[in-house]
Amino acid sequence: MEWDWAFVREIMPTLLEGLKITILATILGAIVAAVVGLVLAIVRRSPNPLISRTVGFTADFIRGTPLLVQLYFIFYVLPDIGIRLPPLVAGVIGLGIHYGTYAAEVYRAGIDNVPRGQWEAARATNLSIRQAWIHVVLPQAIPPMIPALANYFIAMFKETPLLSAITVLELMNQAKSAANSSYRYIEPMTLVGVFFLVISLISVVALRWLEERYARVEER
Amino acid sequence: MIDWSGYIGLILQGALVTIELTIMGSALALVMAFAAGLGRLSRFLAVRTLATVYIEFFRGTSIFVQLFWVYFVLPFAGVTLTPLQAGVLALGLNVGAYGAEVVRGAVRAIGREQHEACVALNLGRYHRMRHVILPQALPLMLPTFGNNAIELLKGTAVVSLISLTDMTFQAQVVRAQTGSTLIPFATILILYFAMACAISAGVRWLERRASRGLDGVRV
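Residues numbered from 1 in each chain as written. Chains lettered and ligands numbered in written order. Predicted model: local features only at pLDDT ≥ 70, side-chain atom pairs only at ≥ 80, totals over all residues. Heavy atoms only, no water.

Chemist: What is the right way to look at the environment of Tyr72 of chain A in this model?
Modeler: Note on placement: Tyr72 of chain A falls in helix α3 (residues 67-77). As for Tyr72 of chain A and Ala90 of chain A, which are separated by 18 residues in sequence, their C-alpha atoms are 9.2 Å apart. If we ignore the near neighbours within four places in the chain, the residues touching Tyr72 of chain A are Val77, Ala165 and Ile166 of chain A together with Leu161, Thr168, Gln172 and Phe185 of chain B. (Helix = DSSP H or I, 4+ residues; strand = E, 2+ residues; numbered from the N terminus. Contact = heavy atoms within 4.5 Å.)

Chemist: Is there a simple way to think about unusual backbone geometry in this case?
Modeler: Negative phi is the rule for most residues except glycine; trans is the rule for most peptide bonds. Even without being a glycine, Asn126 of chain A presents a positive backbone phi close to 70°. In this fold, Asn126 of chain A is placed in the loop between α5 (116-124) and α6 (129-159). Positive phi values are uncommon outside glycine, yet Asn122 of chain B reaches one of about 65°. Take Asn122 of chain B: it is sitting in the loop between α5 (112-120) and α6 (125-155).

Chemist: Looking at this structure, how should I read the pattern of salt bridges?
Modeler: Two side chains that carry opposite charge are able to pair once their charged atoms sit near each other. Per the stated rule, a full pass over the model turns up 12 salt bridges over all chains. Glu187 of chain A is the partner of Arg184 of chain A in a salt bridge, and the nearest nitrogen-oxygen pair spans 2.5 Å. With relative accessibility at 0%, the residue Glu187 of chain A sits in the buried group. Of the charged contacts, one joins Arg40 of chain B and Glu101 of chain B as a salt bridge, the two residues approaching to 3.0 Å between their closest N and O atoms. Here Arg40 of chain B, found in the loop between α1 (4-39) and α2 (45-60), pairs with Glu101 of chain B, found in helix α4 (residues 83-109); they are 61 residues apart in sequence, far enough to count as distant. Residue classification places Glu101 of chain B among the buried residues on the basis of a relative accessible area of 19%. One salt-bridge network, in which partners are shared between bridges, spans Arg44, Asp60, Arg63, Glu105 and Arg108 of chain A. (Salt bridge = Lys/Arg side-chain N within 4 Å of Asp/Glu carboxyl O. Buried < 20%, exposed > 50% of the residue type's maximum accessible area, 1.4 Å probe, protein only.)

Chemist: Could you clarify how one ought to interpret the interface of chain B and chain A in this entry?
Modeler: Quite often, the size of an interface is put as the accessible area lost when its parts meet. If you look at the interface, chain B gives 33 residues, while chain A gives 35 residues. It is Phe76, Leu189 and Phe193 of chain B that lose the most area in chain B upon contact with chain A, and together they represent 20% of the buried surface on that side. Where chain B touches chain A, the interface holds 0 salt bridges. Across the contact surface, chain B and chain A share 11 residue pairs in polar contact (both at pLDDT 80 or more). Among the elements that line the side of chain B that touches chain A, the one with the most residues is helix α8 (residues 182-210) of chain B, at 9 residues. (Buried area = accessible area lost by both parts, 1.4 Å probe. Polar contact = N/O pair within 3.5 Å; in protein donor to acceptor, adjacent residues only side chain to side chain.)

Chemist: Please clarify how the packing of α1 of chain B against α4 of chain B should be interpreted in this entry.
Modeler: Between two packed helices, the angle of one axis relative to the other and the distance separating the axes together describe the packing. All names here are of chain B. Running from N to C, α1 and α4 cross one another at 40°; their axes reach a closest spacing of 5 Å. By the angle between their axes, α1 is oblique relative to α4. The handedness of the crossing between α1 and α4 is right-handed. Looking at the contact of α1 with α4 residue by residue, the class counts come to 18 nonpolar, 6 polar and 2 charged. (Axes fitted to C-alpha atoms, helices over the stretch in contact; angles between N-to-C directions. Parallel < 35°, antiparallel > 145°, perpendicular 65-115°, else oblique. Left-handed = near helix turned anticlockwise from the far one by under 90°. Nonpolar A, V, L, I, M, F, W, Y, C, P; charged D, E, K, R; others polar.)

Chemist: Got a minute to help me understand α2 of chain B in this structure?
Modeler: An α-helix turns once every 3.6 residues. As a result, residues three or four positions apart point the same way. Helix length check: α2 of chain B, at 16 residues, gives a terminal C-alpha distance of 22 Å against a target of 22 Å (1.5 Å per residue), a fit within 8%. If you check which residues of α2 of chain B are buried, you get Ala51, Tyr54, Ile55, Phe58 and Gly60 of chain B. (Expected span 1.5 Å × (residues − 1).)

Chemist: Can you walk me through a positive patch on the surface in this structure?
Modeler: Residues and elements named next belong to chain B. A surface patch of like charges, here positive, comprises Arg204, Arg208, Arg209 and Arg212. Summarising the element assignment, Arg208 is placed in helix α8. With relative accessibility at 56%, the residue Arg208 sits in the exposed group. (Patch = residues over 30% accessible without salt bridge, like charges linked within 9 Å, V, L, I, M, F, W, Y side chains within 5 Å. Areas by Shrake-Rupley, 256 points an atom, 1.4 Å probe, with all protein chains shown as cover. Lys, Arg positive; Asp, Glu negative; His and termini not counted. Charge placed at Lys NZ, Arg CZ, Asp CG, Glu CD.)

Chemist: Just to check I follow, could you spell out the packing of aromatic side chains for this structure?
Modeler: Counted by the stated rule, this structure contains 19 aromatic pairs over all chains. With a centroid separation of 4.9 Å and 35° between ring planes, the pair formed by Phe157 of chain A and Phe196 of chain A is classed as tilted. In this pair, Phe157 of chain A is assigned in helix α6 and Phe196 of chain A in helix α8 (residues 186-214), connecting sequence segments 39 residues apart. Taking the centre distance of 4.4 Å and the plane angle of 5° together, the rings of Tyr185 of chain A and Phe72 of chain B count as stacked. Residue Tyr185 of chain A is found in the loop between α7 (171-182) and α8, and its partner Phe72 of chain B is found in helix α3 (residues 63-73); the two belong to separate chains. Exposure remark for Tyr185 of chain A: the relative accessible area of 15% places this residue in the buried category. Taken together through their ring pairs, the aromatic side chains of Tyr185 of chain A together with Phe64, Phe68, Tyr71 and Phe72 of chain B make up a single cluster. The residue whose ring lies beneath Arg175 of chain B is Tyr76 of chain A, and the NZ or CZ to ring-centre distance is 3.6 Å. (Phe/Tyr/Trp six-rings, centres within 6.5 Å; stacked < 30°, edge-to-face > 60°. Lys NZ or Arg CZ within 6 Å of the ring centre and 35° of its normal.)

Pasting the structure below:
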């Protein structure tokens, strides 16, 4: 079968529609992941071993199992206990929790990198634990981790096609339905690949920039 | 009451397919990782370019897109693959691209003096790699290879979408037949996690073996 430019023009609007959902899911997923990761990282430092162990094990479990199965779990099992989520919401939660466990490791490394003296100084100046976190530790810990976090968010962007398995109408799903209704697979599938490749390559350039901007805090 | 033994059997059959895919995919990924990783360090520009294009291409798109491309588009080019072959090919090439960066990083982490000592001892390129550089680089690669193998294991779930009867596919079958959702999905989540634990235990064992005799060379 030959490459058909007319067909490409015909399906392009649908694909762009799907691309919008893909980008929306990525952005929302990244926000959820950033928050979930931070919470996990802080809770994991809890002095109570029961809490920190449980959270640690849960994070390892989520990281060791496939995102696709977790999406199925959220989409098919939760309705049985009365939580019925729209596909996109289920997908964003799945992406957010899965990549949140990865982000938690990044946060952990970043927080560990803040010198102990900063904690002690914060406590010595009579800041509460909450204030010490918000005003002293996190402002120093977060900038160096931005490149590593961005790296995971790019990885997450590449995983969004999985959302098509739970009927989210993102790029991959639009391409599949275009392919199925016309029995032409070459153009839609290749275009999806090209879209992802182009956006990934652009984000790699952006990542390099972020690395230069933030990774060398100590040297300033 | 549902007869669960039959359904659990179905899921275990799927687990075998998942294990088979993981092993074959890892084997292909390992070969690709060394080929492309060492290719990027080649002295020939053409080899370096080829390796870079391979790595960037497979890291730039997701396993899902690659799998669909291999399964649905390659037949038009006259290459028809079974779902299993397509799965192994896509998983191996995808994870191999990530592994290639690990190989490259580990080889470059070996100090210059090791290269210089090899030149001084008149070792050829092959012997230098085989007997001096790689034995030291291997322990550096293994932890990340372990993570990559777990990523590959997680990637195998995607092949259920091209109707390969792996664990995830069988869980969907069980869901469709029994209407129960919690039991099949919870079972396969636990099985996937057990496999991931087995991989990381295996890699830790390999790491101890590979670093045997390297005491004092490096920490």
